[in-house]
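# Structural description and commentary
Here is how the chains run, residue by residue.
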Number of protein chains: 2
Amino acid sequence: MLRANAIVGQSGGPTSAINATLSGVIKACLGNKERINTLYGVKNGIEGLLKDDIIELSGMFCDRNKLKRLEATPSSALGSCRMRLPESFNDIVYRRIFDIFKKYGIGYFFYIGGNDSMDTVSKLDKYARTCGYGIRIIGIPKTIDNDLTETDHTPGYGSAAKYIATTVSEILRDCASYTVKAVTVIEIMGRDAGWLTCAASLPKAVIGEGVDLIYLPERTFSMDKFISSVNKALERHPNVVIAVSEGIRYENGAYVGELEQSGNKDVFGHKYLAGVSKVLSRAISENIGCKVRAIELNLLQRCAAHLQSAVDISESIRIGKAAVERALKGESGRMISLERRKGKYSVRIKSVDIDAVANKVRYVPCSFINKDGNYVTKECIEYLLPLVLGETKKEYKNGLPVYCIIK
Amino acid sequence: MLRANAIVGQSGGPTSAINATLSGVIKACLGNKERINTLYGVKNGIEGLLKDDIIELSGMFCDRNKLKRLEATPSSALGSCRMRLPESFNDIVYRRIFDIFKKYGIGYFFYIGGNDSMDTVSKLDKYARTCGYGIRIIGIPKTIDNDLTETDHTPGYGSAAKYIATTVSEILRDCASYTVKAVTVIEIMGRDAGWLTCAASLPKAVIGEGVDLIYLPERTFSMDKFISSVNKALERHPNVVIAVSEGIRYENGAYVGELEQSGNKDVFGHKYLAGVSKVLSRAISENIGCKVRAIELNLLQRCAAHLQSAVDISESIRIGKAAVERALKGESGRMISLERRKGKYSVRIKSVDIDAVANKVRYVPCSFINKDGNYVTKECIEYLLPLVLGETKKEYKNGLPVYCIIK
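Residues numbered from 1 in each chain as written. Chains lettered and ligands numbered in written order. Predicted model: local features only at pLDDT ≥ 70, side-chain atom pairs only at ≥ 80, totals over all residues.

## Remarks on the overall build of chain A
Across its full length, chain A holds 13 helices and 13 strands. Taken over the C-alpha trace, chain A has a radius of gyration of 23 Å; the compact-globule value for 407 residues is 22 Å, and the two agree within 12%. With respect to the principal axes defined by its C-alpha atoms, chain A has extents near 70 × 45 × 45 Å. In chain A, which comprises 407 residues, the share counted as buried stands at 57%. Once local pairs closer than 6 in sequence are excluded, the contacts in chain A between residues at least 24 apart make up 76%. (Helix = DSSP H or I, 4+ residues; strand = E, 2+ residues; numbered from the N terminus. Rg over C-alpha atoms; globule rule 2.2 N^0.38 Å. Buried ≥ 20, exposed ≤ 12 C-beta atoms within 10 Å, placed from the backbone. Contact = placed C-beta atoms within 7 Å.)

Spelled out as structure tokens, the structure:
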């Protein structure tokens, strides 16, 4: 392939590391000027592509300090979208996208995202092959959920796990300051896979003070067993702390966080959907009668860039670079992936077939969950520990972190 | 006063800086060995005093590194309580406390806490004077709420404000990544005073990206005006972010966060009390119909020591030291206080009469709130800015912050 332009986009839920990957892509493009002429960025993923919402990145990031700042910026600096490409290649959408590619002389497309975004990569690659358009399309993984297949872990997960572990350790200190019997339920993201909630096990492993119980969506939830486990924990000490995935379900498949069965409606007549931490708190209050508090970590777990994991950020930059290098070598329709080496922690960066990843979900394996389904195993903790290692240096202005905001 | 022993306790809600003050007390006691023989710590404030739950601190903290670690530890390392001393000095409780003082040869009592704790200091000081027991009792302020009178601000507030400002800036980045019209409501602590919520104004002042609306308990809330303000903000841009104090009320005095009037009950028959962010989200959803998200910062704002303000920690240590120095000079029944100097930010440490502080609340002044009651003024931002300045250095082990845990 002759000299061509490249374009990069971001998609799906934000993470603290997705801009580090963008930085990696920019660095590698700037370092390969003999092959890549101009690097463009598309705003809000393929949604912006269809609107021709495209900016030039090559010139914008000549300054190394600006790239450093980009790496420390949470969420998608280019904006994101949640759009799914149609199944039929006859759809006008494909023609439109490739017209834009043609207009900007695009020979390389890099798409940073989760499993839905890999579906986009797969479809665009197949369409390009069908119509004979010469382009190399590479998917670059990111998601705090850590639920992509064919990779040891996903960039973005390590930082989210570090935020969760740190926050849980601080909540544990807070809870320990009172002598009154109390239970605190911490609700962590994870609709189908419990990876993020596993990170709540780290304070006990590292500092020796930890949560008492951990519940993941991979195991069916029983309220009776739960109450009995909480009672047992309260016999051991007065401040019980529990970590729970938002997506845990009863045996009948209903989410524990749904109160649909109560038929309750709010002031506006809406059916009330509580979070799982609120539902469990209420159950504890009713069945045990002690003080109880529900904490939802909410958006913070995916955007708290002030607590990035240095390992995560370094890997995120590396996979961004690797995507460009692989494309230059002629690969297309592939996703960059991380393979963990045996022994002391390190990763090898490789690429995998995009169709082995697109639309698939990787769950927490059985060997990571204890027999009672209310904590994780040593194997799980050993998997997690290297991913949260190291702190990144931050630039502060007047006491607040400084970001790179792309207008 | 001859050589005597000293005792220190912590009380009320935890903060990220309360242990820095404890460190200041320990340092000053260790530095005045000719006057203070042994420094004891009481577990869980006066509750622990009554139970004779007392440990020796002098020996425990000879190591400077351990003090550094203590300063970085969130929540009350000695444990806390929420106990109010009886009004009548004839109560057995007073006799019991002073018997304990006698048993340990206590000539100095330092109590770190909020306005309830200052009530304890006031009562114990008066009782001591009544019965002629020679002891010097000093109150040392702490509270994230910043609602103590007779001090420019309270130690603990700066770190909480820094956490809130940083977190809000990250949420703003997250929200900016989508193009769909959406409103995010961030609920911040503050039942009666809106100081913490004011800190949500800092990202706009420092980084240029900020929340659209700020609501404090100091102003009566009107749902109609609120919806109209949100609509106006949505005309300007698609991602509206709102900061709101948990304690805002309607004109009739009812908390907005209460859904009592709906008569709703949950599955267990409890009257349902939603948080204010949930109530406002529901109102937006009903009246405007856009996507909406409620975020409750919850405990994190008082225990997130990984985001301490360096100014706050430095002042917290200084007031701890000042308490010991003032006691040695003969003061008793006083609270240490911070006075802001004119010009470039600095504080003078002084002491004030405890009865001018105990049981009183300081509200956000009128001049800090805009005319419409939905944002803060430049004067407020200028007051806030110096308090969040600087970052503290942290000790990490395996990717997690290390704490000083006193057993």
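From this point on, the discussion continues.
## A word on the relation of the copies chain B and chain A
Turning chain B through 180° and shifting it by 0.0 Å along the axis lays it on chain A, with an RMSD of 0.0 Å. What the rotation and shift describe, once combined, is the action of a two-fold rotation axis. Looking at the interface residues of chain B, 100% of them are also at the interface in chain A, so both copies use one shared face. (Least-squares fit on C-alpha atoms with pLDDT ≥ 70 in both.)

## Things to note about the domain arrangement of chain A
All names here are of chain A. Once the domains are mapped, chain A shows domain 1 (4–151 + 305–360 + 391–401) and domain 2 (157–303). The gap between the C-alpha centroids of domain 1 and domain 2 is 34 Å. The partner domain 2 presents 16 residues to the 17 residues of domain 1 that form the contact. Taken together, the residues of the side of domain 1 that touches domain 2 sort by class into 7 nonpolar, 7 polar and 3 charged. (Domains from an automatic or database assignment. Nonpolar A, V, L, I, M, F, W, Y, C, P; charged D, E, K, R; others polar.)

## Thoughts on the sheet that holds strand S2 (residues 36–42) of chain A
Residues and elements named next belong to chain A. Strand order in this open sheet of 7 strands is S3-S2-S1-S4-S5-S10-S11, and the pairing throughout is mixed. Of all strands in the sheet, those with a lone pairing partner are strand S3 (54–56) and strand S11 (347–353), marking the two edges. On average, each strand axis in the sheet is inclined to that of its neighbour by 30°, with strand direction left out of account. Where S2 and S3 come together, 3 bridges link them in antiparallel fashion. Residue pairing for S3: valine 42 is matched across the bridge by isoleucine 54. (Pairing = 2+ DSSP bridges. Axes fitted to C-alpha atoms, helices over the stretch in contact; angles between N-to-C directions.)

## A word on the pairing of strand S1 (residues 4–10) of chain A
All names here are of chain A. Counting buried positions along S1 gives 5 out of 7 residues, so the element sits mostly inside the fold. One ladder, built from 4 bridges, connects S1 with S2; its direction is parallel. By the bridge assignment for S2, valine 8 is matched with glycine 41. Sheet topology places S1 next to strand S4 (residues 106–113); 6 bridges connect them, and they run parallel.

## Quick word on the sheet that holds strand S1 (residues 4–10) of chain B
Residues and elements named next belong to chain B. Taken together, the 7 strands give an open sheet; going across it, the order is S3-S2-S1-S4-S5-S10-S11, and neighbouring strands pair in mixed fashion. A strand with exactly one partner marks an edge of an open sheet, and here the two such strands are strand S3 (54–56) and strand S11 (347–353). The sheet shows a mean angle of 30° between the axes of neighbouring strands, taken without regard to direction. In the packing of helix H12 (residues 310–328) onto the sheet, contacts are made with strand S4 (106–113), strand S5 (136–141), strand S10 (334–340) and S11, and the angle to S5 comes to roughly 165°.

## Thoughts on the pairing of strand S6 (residues 182–188) of chain A
All names here are of chain A. Most of S6 sits out of view: 6 of its 7 residues are buried. As judged from the 7 bridges shared by S6 and strand S8 (residues 239–245), these two strands associate in the parallel manner. Its bridge partner being in S8, valine 185 is matched across the sheet by isoleucine 242.

## Regarding the nonpolar core
Judged by nonpolar contacts, the single largest core of 134 residues is most densely connected at A:Ile164, A:Ile186, B:Ile164 and B:Ile186. If we ignore the near neighbours within four places in the chain, the residues touching A:Ile164 are A:Ile188, A:Leu196, A:Ala199, A:Ala200, A:Leu297 and A:Gln301. (Core = buried A, V, L, I, M, F, W, Y, C linked by C-beta atoms within 7 Å.)

## Considerations on the interface of chain B and chain A
Chain B puts 62 residues into the contact, and the matching count from chain A is 62 residues. When residues of the side of chain B that touches chain A are traced back to their parent elements, those giving at least two are helix H6 (157–175), helix H8 (202–206), helix H10 (276–287), strand S9 (291–296), helix H11 (300–303), strand S12 (396–397) and strand S13 (400–401) of chain B. Sorting elements by how many residues they give to the side of chain B that touches chain A places H6(B) first, with 9 residues. Looking at the side of chain B that touches chain A residue by residue, the classes come out as 29 nonpolar, 20 polar and 13 charged.

## Considerations on unusual backbone geometry
Although it is not a glycine, A:Asn146 adopts a positive phi angle of roughly 60°. Its location among the elements puts A:Asn146 in the loop between strand S5 (136–141) and helix H6 (157–175). Positioned with a positive phi, B:Asp52 is a non-glycine residue whose angle comes to about 60°. By the secondary structure assignment, B:Asp52 is in the loop between helix H2 (45–50) and S3. Given 13 C-beta atoms within 10 Å, B:Asp52 falls into the partly exposed group.

## Some points on the environment of B:Phe110
Residues and elements named next belong to chain B. You can see phenylalanine 110 is positioned in strand S4. Spatially, the C-alpha atom of phenylalanine 110 lies 9.9 Å from that of serine 332, the residues being 222 residues apart in sequence. The contact partners of phenylalanine 110, leaving out residues within four places of it in the chain, are Ala6, Val8, Val25, Ile138, Ile140, Ala323 and Val324.

## What about the environment of A:Tyr383?
All names here are of chain A. As for its placement among the helices and strands, tyrosine 383 is situated in helix H13 (residues 378–384). With 20 C-beta atoms packed within 10 Å, tyrosine 383 lands in the buried category. In the structure, tyrosine 383 is positioned 230 residues away from histidine 153 in sequence and 9.6 Å away in space, judged by C-alpha atoms.

## Remarks on helix H5 (residues 115–131) of chain B
Given 3.6 residues per turn, any residue in an α-helix points the same way as the ones three and four places further on. Residue and element names in this part refer to chain B. With 17 residues, H5 should cover 24 Å at 1.5 Å per step; its first-to-last C-alpha distance of 25 Å lies within 8% of that length. Burial runs high along H5: 12 of the 17 residues are buried. Among the residues making up H5, those that are buried are Asn115, Ser117, Met118, Asp119, Thr120, Val121, Ser122, Lys123, Leu124, Asp125, Tyr127 and Ala128. On its buried side, H5 packs onto H2, helix H4 (92–103), S4, S5 and S10. (Expected span 1.5 Å × (residues − 1).)

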